[in-house]
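# Overview (structure and organization)
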Amino acid sequence: MGNIKAGNVYLLKYFCCLLVLLCVDGNTVPKTASTRPHIILIVADDLGYNDVSFHGSDQIPTPNIDFLGYNGIILNNYYVSPICTPTRSALMTGRHPIHTGMQQGVIVGDQPYGLPLNETIMPQYFNKLGYRSHIVGKWHLGMFKWEYTPLYRGFESHIGYYQGCEDYYTHTYEANLDQWGMDFRRDKDLLWNYTGLYSTDIFRDEAVRIINEHNKSEALFLYLPFQSVHSGNGDGIHLQAPVAYINRFSYIQNMNRRTYAAMVSALDDAVGVVYDTLQKNDMLNNSIIIFTTDNGGPANGFDYNAANNFPLRGVKATLWEGGVRGVGLIHSPLLEKQGYVSEQLFHVCDWLPTLYNAAGGNSSTLQNLDGFDSWKMLSLNGSAVRNEMLHNIDPSVDNAAIRVGEYKLLVGNVAAGGWDGWYPPYQLSGDEDFLHYSNYTDTFSESSEKTAQRKALQELYHTLWPQEIVSRIEELDSFSENSGLYVGKSADSQHMKIKNSGHVPSFKETDEIMIFKSELEEVRKSSMGRTGGVPVKVECGQKPANASINCNTTVSPCLYHIPTDPCEYNNVAQKYPQVVTQMLTRLKYYVSTMVPPGNKPYDDRGNPRHHQGGWVPWL
């Protein structure tokens, strides 16, 4: 009898323990640190929509980034904030910048504010799951007190810089001519001996070192926000790249665009090296790689840059599609379906809960998030989990934009600064003047000879790619075919299908709107030499003569049907006033939830001249 009792007690303990295990993290047996996926989160700075070849840019080939997208998931309805600090705050917290006070511009120089300390950020969440978290590159979420810097917010190591930009070789940052100093450090210590070393190379090598030295029994979170391809200091050299990369693009006559292409190519190569390093360390099978820009490109001279978003409207720091529609992808052998183009809405806020789920966490336990857990949606190419997103509300310039279903509404001073055009990429010598955003308008004209020259170059670009690019494409294609990682994962893996968005109706559609919607595109023809995929291009149709004048948001809201009008040519606000009214109601709701911007005026106590020429916390 005693033995039976003891056996019952043992069984009871066994089943209780089993029940506890089953109840942890959403009724599934929890993952251990060794089985959780490695997460590599790569951020490009100021990369334009038309600056990657998987979006059709034959001018600038990006074979490594393309490979990740074509063999993963290209996010074709992906949105970020219009400028740097807000996007990075949303990425780290899963909360919209209007709810953290980060919605207004960026942190500059000795402005004493940052992402509030009561916000839990990505490495802090992941560390609780057993991750080892490292940051390599740009921070830009506050540095006036040490508590706002990476080592105090969940990262165990950091090499990089705190501010928004800097020289790629001297690693000094200029807030203005009176505030200029060193902003490059390992952990908390300024590095004065890295002058002459290109930042993209430094960050690439550091990422490789971290991966090589990582204990493979532990899960790795590597946050890799590159400096590329942001312009350098305003009073310094604006676009910088090693000569060898610049020489790759001799077929681009315009030197600004040629140097910018070199910057993109160096970034792309660095992404490829990180991928190869994961593979060599047998970590690729259990890794998730995300690649995202932080905002649209500063096109045609904006911020001294030569990025491009064509044919999208607008540039960085605007609420037009060119400012907020981002380059984005996710790549992982762990995805159930790969090799497809996602048309579901996805916002930068969604990465935190999505990756937390993928890491084995229970995303429903995350509090006060604005992001949606989209892991299942992405992995299975399932139904959209969100049907609206707030682009931004900025009280400093009195503008806002919101997307609900297939419609986008813009209100207020959206055209502040006048960067609301459709800017083609620089090609020819002199384009930095002729096509500069301040000069280029709908009335721009040039000789028929120059127009013909542009067209001829556009058709030839793909045949002029340098041998380094062609060789890498062949190498990646061979690996894809022979690795066994990318076979049979998706019905769409052999042919990239470009589909209309999975429609989640928010408003009653009239027959007229249904007719207006585009039909599903046919499967695109295969294209050789593109790392296994076909570019996903934005098709805008004929630009109407009144495209530049049919919208004046300072007078009345403007409404666009984005699936059929991604280039924001046709303001349909007058045609669908009931849609405008309903979207204004949603916008009013978001205004009611907004916290005041956290921006603060400059504090000269943070000036580097008070700190031996370095940017360091001062309070």
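Residues numbered from 1 in each chain as written. Predicted model: local features only at pLDDT ≥ 70, side-chain atom pairs only at ≥ 80, totals over all residues. Heavy atoms only, no water.

If you check an unreviewed UniProt entry, the protein chain appears there as Sulfatase N-terminal domain-containing protein from Arion vulgaris. UniProt lists a comment for the protein chain under the heading Cofactor (unreviewed entry), and it reads "Ca(2+)". Recorded in UniProt for the protein chain, the comment headed Sequence similarities (unreviewed entry) runs: "Belongs to the sulfatase family." (UniProt positions renumbered as here; feature names shortened; annotations may be inferred.)

### What about unusual backbone geometry?
Backbone torsion omega between Ser228 and Val229 reads 10 degrees, so that peptide bond is classified as cis. Position of Val229 among the secondary structure elements: in the loop between β10 (219-225) and α6 (243-247). A cis amide bond, omega 5 degrees, links Phe310 with the succeeding residue Pro311. Within the fold, Pro311 resides in the loop between β11 (287-293) and α8 (321-324). Positive phi, normally seen in glycine, also occurs at Tyr304, with a value near 65 degrees. (Helix = DSSP H or I, 4+ residues; strand = E, 2+ residues; numbered from the N terminus.)

### A few points about helix α3 (residues 84-93)
Here α3 lies mainly inside the structure; 10 of its 10 residues are buried. What α3 keeps buried is the set Cys84, Thr85, Pro86, Thr87, Arg88, Ser89, Ala90, Leu91, Met92 and Thr93. The inward-facing, buried residues of α3 contact β1 (38-44), α4 (122-127), β4 (131-138), β10 and α9 (351-358). After α3 finishes, the residue Gly94 shows a positive phi value of roughly 75 degrees. (Buried < 20%, exposed > 50% of the residue type's maximum accessible area, 1.4 Å probe, protein only. Contact = heavy atoms within 4.5 Å.)

### A word on the nonpolar core
Counting 73 residues, the largest nonpolar core has Leu47 and Phe291 as its most contacted members. With 12 residues, helix α7 (residues 255-280) is the largest single contributor of residues to this core. Apart from the residues within four sequence positions on either side, Leu47 is in contact with Val52, Val229, Tyr260, Val264, Phe291, Thr293, Asn295, Gly296, Gly297 and Val327. Membership of the second largest hydrophobic core comes to 55 residues, among which are Leu41, Ile121, Tyr340 and Leu378. (Core = buried A, V, L, I, M, F, W, Y, C linked by side-chain atoms within 4.5 Å.)

### Overview of the pattern of salt bridges
This model, assessed by the stated rule, comprises 29 salt bridges. A salt bridge links Arg88 to Asp294; the nearest nitrogen and oxygen atoms lie 3.0 Å apart. Taken as a pair, Arg88 in helix α3 and Asp294 in the loop between β11 and α8 lie far apart in primary sequence, 206 residues in all. For Lys408, the salt bridge identified is with Glu568, shortest N-O distance 2.9 Å. Here Lys408 is found in strand β17 (residues 407-412), whereas its partner Glu568 is found in the loop between β18 (558-561) and α15 (577-593), with 160 residues between them in sequence. Across the pair, Glu568 and Lys408 agree in class, each one buried. Residues participating in the shared-partner salt-bridge network are Asp45, Arg88, Lys138 and Asp294. (Salt bridge = Lys/Arg side-chain N within 4 Å of Asp/Glu carboxyl O.)

### A few points about the pairing of β10
Counting buried positions along β10 yields 7 of 7 residues, so the element is predominantly enclosed. Burial along β10 is two-sided: the residues Ala219, Phe221, Tyr223 and Pro225 and Leu220, Leu222 and Leu224 are all buried. Bridging between β4 and β10 involves 5 bridges; their strand directions are parallel. Looking at the pairing, Ile135 lines up with Tyr223 of β10. (Pairing = 2+ DSSP bridges.)

### Re α7
Taking 1.5 Å of rise per residue, the 26 residues of α7 would be expected to cover 38 Å, and the 37 Å separating its terminal C-alpha atoms lies within 8% of that figure. Counting buried positions along α7 gives 20 out of 26 residues, so the element sits mostly inside the fold. If you check the start of α7, you find a side-chain oxygen 3.1 Å away from the backbone N of Asn256, and it comes from Asn254. Just downstream of α7 lies Asp282, where phi reads positive at about 55 degrees. (Expected span 1.5 Å × (residues − 1). Polar contact = N/O pair within 3.5 Å; in protein donor to acceptor, adjacent residues only side chain to side chain.)

### So, the sheet that holds strand β13 (residues 340-342)
The pairing of strands in a sheet comes from backbone hydrogen bonds and takes either a parallel or an antiparallel form. Ordered by their spatial adjacency, 10 strands build an open sheet running β9-β8-β5-β4-β10-β1-β11-β12-β2-β13, and the pairing between neighbours is mixed. Each of the sheet's edge strands pairs with one partner strand only, and the pair in question is β9 (189-190) and β13. Running over the sheet, α9 touches β1, β2 (73-75), β11 and β12 (328-331) and is turned about 170 degrees from β11. (Axes fitted to C-alpha atoms, helices over the stretch in contact; angles between N-to-C directions.)

### Section: the side chain of Thr93
Note that Thr93 resides in helix α3. A relative accessible area of 1% means that Thr93 is categorised as buried. A polar side-chain atom of Thr93 sits 2.7 Å from the main-chain carbonyl oxygen of Ser89. A distance of 3.0 Å separates a polar side-chain atom of Thr93 from the backbone nitrogen of Arg95.

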